[in-house]
Amino acid sequence: MITLVRRAAALGVLGAALAACGTTDAPRAPRPAATAPAAAPAEPAPSLPPTLAPGPAGLTPVFEHGPRARQKTVALTFDADMTADQGPRAAAGERFDNPRLIATLRKLKVPATVFMTGRWAEEYPDEARSIGRDPGFEIANHSYSHHAYTDDCYDLPTVPKERMRSDVERAYAAFEKAGVRNAMPYFRFPGGCYDEAALKELTTTGVTAVQWDVVSGDAFATDADAVARQVLDGVRPGSVVVMHCTLSAAPVTEEVVRTVVPELRRRGYRFVKVSELIGASDGRR
């Protein structure tokens, strides 16, 4: 009898030991909860092009050149001029574009800003789109009509004051239709002519008016050497050079570029787009 009790006790102890070792249905540790996949990092929002803060009384700001005391930078700018009444002349074979000039700028790896009229973009949409998608260039606004924004401006027809803003907006619409999605918020007055009334009318468009401090003199010129000398004599750090991308009105511009670019590089200049000069300027936003 004592032996049976001892055996039962031993079995009880063994059962308890086995249970403690988990050979019976012991509770299991809970599984970790499934974690959601990590969210992809958000792409940074594209930065807006630099512009200048409004001028006195909130007028459209005017930019003429970049900083003088910093690096030796220079911006070559090209006006792509064309008015609506020149359409028949273009249809008859007159060239208001200049593909060879654009090809030379690309070959020489020269960044440039093209101030394009909306009418030019309508006439040459494939070229406008090609220039606009090339990271070496930027397209800015030169009005739709290439009519003057003041009276007595190189015999250009005049845009009525109440239509100035819509003329600028119509140019941007023409760029968009041609496939240019990233036109800059910069505007160049046709003929470079403006007054306070014009600056006031364009205030709501948010553009920075871009002028220049070096006149190349390429319009209607036939002596490429003379034009090149004028550019080289005028350039200073931060300069904005005005030239043209209209073969019929500026036939020697491509030759001028082939002369000016290597010489300015030899002098230590670096070519930039207008946006870089504005971005380096005081008063930007």
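Residues take numbers from 1 onward in each chain, read along the sequence in its written order. Per-residue local features are limited, in this predicted model, to residues with pLDDT of at least 70; the limit for side-chain atom pairs, both in listing and counting, is 80 or more; totals at the level of whole chains, interfaces and linings are taken over all residues. Calculation of side-chain values draws on the structure's entire complement of heavy atoms; hydrogens and water are dropped beforehand.

### What to know about the overall build of the protein
Quick note on the threshold: Only DSSP runs of H or I reaching four residues or more are called helices, and only runs of E reaching two or more are called strands; each is numbered from the N terminus. Three exposure classes are used, based on accessible area relative to the maximum for each residue type with a 1.4 Å probe and protein chains only: buried under 20%, partly exposed in between, and exposed over 50%. By definition, residues are in contact when any of their heavy atoms lie within 4.5 Å. All accessibility values rest on the Shrake-Rupley procedure with a 1.4 Å probe; residue burial counts only the protein chains present in the view.
The secondary structure content of the protein amounts to 10 helices and 9 strands. The buried share of the protein, taken over its 285 residues, is 43%. Considering only contacts within the protein whose residues lie at least 6 apart along the sequence, 80% involve residues at least 24 apart. Surface accessibility of the protein: about 15,600 Å² in total, with carbon and sulfur atoms responsible for 55%.

### Structural notes on the environment of Gly179
Along the chain, the position of Gly179 falls in the loop between helix H6 (164–178) and strand E5 (186–187). C-alpha of Gly179 to C-alpha of Gly132: the two residues are 47 residues apart in sequence and 8.1 Å apart in space. Those residues in contact with Gly179 that lie beyond four places of it in its chain are Arg129 and Arg133.

### Regarding the side chain of Thr73
With respect to the element layout, Thr73 can be found in strand E2 (residues 73–80). For Thr73, a relative accessible area of 8% corresponds to the buried category. Ignoring anything within four residues of it in the chain, the contact list for Thr73 reads Arg236, Pro237, Gly238, Ser239, Tyr269, Arg270, Val272 and Leu277.

### Description of the pattern of salt bridges
What counts is decided by this rule: We define a salt bridge as a side-chain nitrogen of Lys or Arg found within 4 Å of a carboxyl oxygen belonging to Asp or Glu.
Inspection of the entire model under this criterion finds 15 salt bridges. Between Asp79 and Arg188 there is a salt bridge, with the nearest N and O atoms lying 2.8 Å from each other. Pair noted here: Asp79 is in strand E2 and Arg188 is in the loop between E5 and helix H7 (196–201), with a separation of 109 residues, a long-range link. In this structure Asp79 comes out as buried when scored by relative accessible area, which is 5%. You can call Arg188 buried: its relative accessible area is 0%. The partner of Glu123 in a salt bridge is Arg119, and the shortest N-O contact between them spans 3.1 Å. Of this pair, Glu123 and Arg119 both sit in helix H4 (residues 118–123), 4 residues apart, which is roughly one turn of the helix. The exposure class of Glu123 is partly exposed, given its relative accessible area of 28%.

### Remarks on the state of the cysteines
Heads up, the rule is: The rule for a disulfide is simple: a pair of cysteine sulfur atoms within 2.5 Å.
Evaluated as defined, the whole model comprises 1 disulfide. Here Cys153 connects covalently by a disulfide to Cys193, the sulfurs 2.0 Å from one another. Measuring the twist about the S-S bond at about 80 degrees, one finds the Cys153-Cys193 disulfide to be right-handed. A residue pair is termed long-range when its members are at least 10 positions apart, and Cys153 in the loop between strand E4 (137–141) and H6 and Cys193 in the loop between E5 and H7 qualify at 40 residues.

### Looking at helix H9 (residues 253–266)
Our working rule: One less than the number of residues in a helix, times 1.5 Å, gives the span that helix is expected to have.
For H9, spanning 14 residues, the distance from its first C-alpha to its last is 20 Å, which sits close to the expected 20 Å at 1.5 Å a residue. Restricting attention to buried positions, one finds in H9 the residues Thr253, Glu254, Val256, Val257, Val260, Val261 and Leu264. Packing partners of the buried residues in H9 comprise E2, helix H3 (99–107), helix H8 (224–234), strand E8 (239–244) and strand E9 (270–271). Backbone geometry just downstream of H9 places Gly268 in the positive-phi region, at approximately 95 degrees.

### Comments concerning the pairing of E2
Short version of the rule: What makes two strands pair is DSSP finding at least two bridges between them.
For E2, a buried count of 8 out of 8 residues is recorded, marking the element as mostly surrounded by other parts of the structure. Neither face of E2 is left uncovered, since the one carrying Thr73, Ala75, Thr77 and Asp79 and the one carrying Val74, Leu76, Phe78 and Ala80 both have all their residues buried. Pairing of E2 with E9 involves 2 bridges; the strand directions are parallel. What sits directly across from Val74, in E9, is Phe271. Alignment of E2 against E8, held across 6 bridges, turns out to be parallel. Looking at the pairing, Asp79 lines up with His244 of E8.

### Some thoughts on the pairing of strand E3 (residues 112–116)
Of all 5 residues that make up E3, 5 are buried, and the element is covered over most of its length. Alternating residues of E3 divide into Ala112, Val114 and Met116 and Thr113 and Phe115, and every residue in both groups is buried. One ladder, built from 4 bridges, connects E2 with E3; its direction is parallel. Note on E3: the bridge partner recorded for Asp79 is Phe115.

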